[in-house]
Amino acid sequence: MLRRKSRAVKVRNLIIGGDAPVSVQTMSTISPADSESALIDAQRLALCGAELIRFAVPDMKAAKGLAAVVKGSPVPLVADIHFDHMLALQAVASGVDALRINPGNIGSDDKVAAVVAAVKKKNIPIRIGINSGSLPADILAAYEGHPTAEGMVEGALRHIRICERLDCRDLVVSLKASDVPLMIEAYSLLADKVEYPLHLGVTEAGLLREGTVKSSIGIGTLLYRGIGDTIRVSLTDDPAEEIKTGRLILSSLGLRHFGPTLVSCPTCGRTRVGLIHLAREVEQALERIEEPLKIAVMGCAVNGPGEAREADFGIAGGVGKGIIFSHGKVLRTVPEKELVPALLEEINAYRADKKCVPQ
């Protein structure tokens with residue numbers, strides 16, 4: 001797929017846009033006012049694969065607490081600030097790596113100019129974030145009181161122009177909506193109007209299952225069209241689940257590879273092994289493997305080495321037993337209880353000796 005061309009924006013050691021890979025973000029549920037707990041959470045989420053972590057900054061204690069969190073975080077941090085420009089200035093003083101702030105919502109021109117001057121001095125980018133549920137009243141009125149893609153784009157351009165008038169162009173822009181078609185249309189319209197990198201997300205997507213589906217459709221559709229430079233899957237769940245889902249979206253599109261890819265067939269009347277249990281056991285074991293292998297867990301000979309011949313390694317069940325295969329070639333037959341250990345033996349032997357490339 002051909003990616004949209006965008007400016008490259010640097011956030012500490014992370015590049016967003018340009019030729020950089022699409023990055024995965026999340027947002028901590030801990031306030032940096034409790035800097036010790038916030039740092040522990042940042043380190044945990046970084047280990048889960050977060051490449052950028054956002055923290056809400058609702059008060060001055062949180063803005064000052066960011067200093068310790070930034071100092072100990074292995075990945076860049078974004079301060080999420082609304083309305084109060086003093087919180088933005090303190091977050092910058094605390095060393096935060098980026099601001100999520102809408103310049104048009106933080107007060108008078110001199111306050112906006114002060115924040116922009118502070119971020120420019122530290123080479124800190126601004127992420128402008130438009131949500132369909134919080135558009136200005138005049139924009140809503142112009143579109144009969146309802147959020148529209150055109151209205152969301154107009155809202156984003158207002159904030160962008162404020163920054164541009166102050167010669168601030170290290171910007172990342174988002175246009176989030178909980179309505180998936182609206183979100184897709186808004187990003188598609190903006191992508192043709194500006195060169196800034198875009199942060200994709202379906203806001204208020206919901207609990208794990210519904211939120212994963214909505215985010216996968218919205219974010220995935222745009223990424224497939226080449227639109228998007230960084231993503232966050234917004235879930236009412238542990239932020240670690242957001243990271244996992246985001247990485248799966250990128251892997252499914254072939255944009256990034258994060259360790260093994262597991263393919264498994266649905267169960268049916270031909271299955272004579274505990275396929276669901278086997279697949280879950282393999283999935284858990286693969287979490288400890290970093291190589292981008294393709295692993296198949298298949299229920300029977302029909303969906304075995306033939307349909308999964310592209311897999312580096314796989315298992316296919318039989319009656320109380322199954323086979324271990326590699327690229328369509330059967331390696332051995334083992335009892336059902338030995339399927340997963342035997343599969344892992346083959347994978348680990350390959351990992352230990354890179355000369356044993358499966359053919």
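Everything below is about the structure shown above.
Computed from a predicted model, the values in this text were never measured in an experiment. (Residues numbered from 1 in each chain as written. Predicted model: local features only at pLDDT ≥ 70, side-chain atom pairs only at ≥ 80, totals over all residues. Heavy atoms only, no water.)

## As for empty space enclosed by the protein
The gaps left among the atoms become clear once a water-sized probe is rolled over them.
In step 1: Applying the stated criterion to the full structure yields two cavities of 30 Å³ or more.
In step 2: Each pocket or cavity is described by its volume, and for the largest cavity that value is around 90 Å³.
In step 3: Residue lining of the largest cavity: V11, I16, Q25, L52, R54, V78, A98, P125, I126, R127, V172 and T230, and that is the complete set.
In step 4: Sorting the residues of the lining of the largest cavity by element identifies β4 (52–56) and β7 (126–131) as the ones contributing at least two each.
In step 5: Its residues assigned to classes, the lining of the largest cavity comprises eight nonpolar, two polar and two charged.
In step 6: Around the second largest cavity, the lining residues are I81, H82, F83, R100, I101, N102, N105 and I106.
In step 7: Broken down by class, the residue content of the lining of the second largest cavity amounts to four nonpolar, three polar and one charged. (1 Å grid on protein atoms, 1.4 Å probe; cavity = no way out; pocket = protein on both sides within 12 Å on 5 of 7 lines; lining within 4 Å. Points joined across faces, edges and corners; volume = space filled by probe spheres on them. Helix = DSSP H or I, 4+ residues; strand = E, 2+ residues; numbered from the N terminus. Nonpolar A, V, L, I, M, F, W, Y, C, P; charged D, E, K, R; others polar.)

## Description of the layout of surface pockets
In step 1: What the largest pocket holds in volume is close to 1,000 Å³.
In step 2: In this structure, the largest pocket is lined by 25 residues; those nearest its centre are K244, L248, P260, E283 and E287.
In step 3: Looking at the lining of the largest pocket, the elements with two or more residues in it are α8 (208–224), α9 (239–252), β11 (261–264) and α10 (275–286).
In step 4: Along the lines of polarity and charge, the residues of the lining of the largest pocket split into 11 nonpolar, seven polar and seven charged.
In step 5: Shared between two domains, the lining of the largest pocket takes at least three residues from each, and those domains are domain 1 (9–253) and domain 2 (261–356).
In step 6: The computed volume of the second largest pocket comes to approximately 350 Å³.
In step 7: If you go around the second largest pocket, you meet 27 residues; those closest to its centre are H82, R100, G129, N131 and S134.
In step 8: Of all the secondary-structure elements, those providing two or more residues to the lining of the second largest pocket are β7 and β8 (171–176).
In step 9: The element best represented in the lining of the second largest pocket is β7, accounting for four residues.
In step 10: Residue composition of the lining of the second largest pocket, grouped by class: seven nonpolar, 12 polar and eight charged. (Domains from an automatic or database assignment.)

## A few points about the sheet that holds β11
In step 1: Pairing in this open sheet of five strands is mixed, and the strands run β11-β12-β13-β14-β15 from one edge to the other. The open sheet has two edge strands, β11 and β15 (329–335), and neither has a second partner. Direction aside, the axes of adjacent strands within the sheet are offset by 20 degrees on average.
In step 2: Here four bridges tie strand β13 (residues 313–317) to strand β14 (residues 321–326), and the two strands are oriented antiparallel to one another. Across the sheet, residue G317 finds its bridge partner in β14, namely G322.
In step 3: Packed on one face of the sheet, α10 meets β11, β12 (294–298) and β13 and runs near 160 degrees to β12. (Pairing = 2+ DSSP bridges. Axes fitted to C-alpha atoms, helices over the stretch in contact; angles between N-to-C directions. Contact = heavy atoms within 4.5 Å.)

## Re the nonpolar core
In step 1: The biggest cluster of nonpolar side chains holds 75 residues, and the ones touching the most others in it are I81, L99 and L175.
In step 2: The contact partners of I81, leaving out residues within four places of it in the chain, are V57, L87, A88, A91, L99, R100 and I101.
In step 3: Listed in part, the 30 residues of the second largest apolar core include L275, A311, A316 and I324. (Core = buried A, V, L, I, M, F, W, Y, C linked by side-chain atoms within 4.5 Å. Buried < 20%, exposed > 50% of the residue type's maximum accessible area, 1.4 Å probe, protein only.)

## What to know about helix α7 (residues 180–191)
Residues spaced three or four apart along an α-helix face the same direction, because each turn holds 3.6 residues.
In step 1: In this model, α7 (12 residues) spans 17 Å end to end at C-alpha, consistent with the 16 Å of a helix rising 1.5 Å per residue.
In step 2: When you tally the buried positions in α7, you get nine out of 12 residues, the bulk of the element.
In step 3: The distance from a side-chain oxygen at the start of α7 to the backbone nitrogen of L182 is 2.9 Å, and the residue carrying that oxygen is D179. (Expected span 1.5 Å × (residues − 1). Polar contact = N/O pair within 3.5 Å; in protein donor to acceptor, adjacent residues only side chain to side chain.)

## Quick look at the packing of aromatic side chains
In step 1: Using the criterion set out here, one finds one aromatic pair in the structure.
In step 2: With centroids separated by 5.7 Å and ring planes inclined at 55 degrees, the aromatic side chains of F313 and Y350 adopt a geometry described as tilted. On the criterion of sequence distance, the pair formed by F313 in strand β13 and Y350 in helix α11 (residues 339–352) is long-range, its members being 37 residues apart. (Phe/Tyr/Trp six-rings, centres within 6.5 Å; stacked < 30°, edge-to-face > 60°.)

## Description of the pairing of strand β5 (residues 77–80)
In step 1: Burial of β5 is two-sided: the residues L77 and A79 facing one way and the residues V78 and D80 facing the other way are all buried.
In step 2: With four bridges joining them, β4 and β5 adopt parallel strand pairing. Directly across from R54, in β5, lies its bridge partner V78.
In step 3: Both β5 and strand β6 (residues 98–100) contribute to a ladder of three bridges, which runs parallel. Residue pairing across strands places V78 opposite A98, the latter belonging to β6.
In step 4: In terms of handedness, the path from β5 via helix α3 (residues 85–93) over to β6 forms a crossover that is right-handed. (Right-handed = clockwise from strand over helix to strand, strands pointing away.)

## Remarks on unusual backbone geometry
In step 1: Positive phi values are uncommon outside glycine, yet F83 reaches one of about 75 degrees.
In step 2: Exposure remark for F83: the relative accessible area of 58% places this residue in the exposed category.
In step 3: Despite not being glycine, N123 has its phi angle at roughly 55 degrees, a positive value.
In step 4: For N123, the location among the structural elements is in the loop between α4 (109–122) and β7.
In step 5: Classification of N123 as exposed rests on a relative accessible area of 60%.

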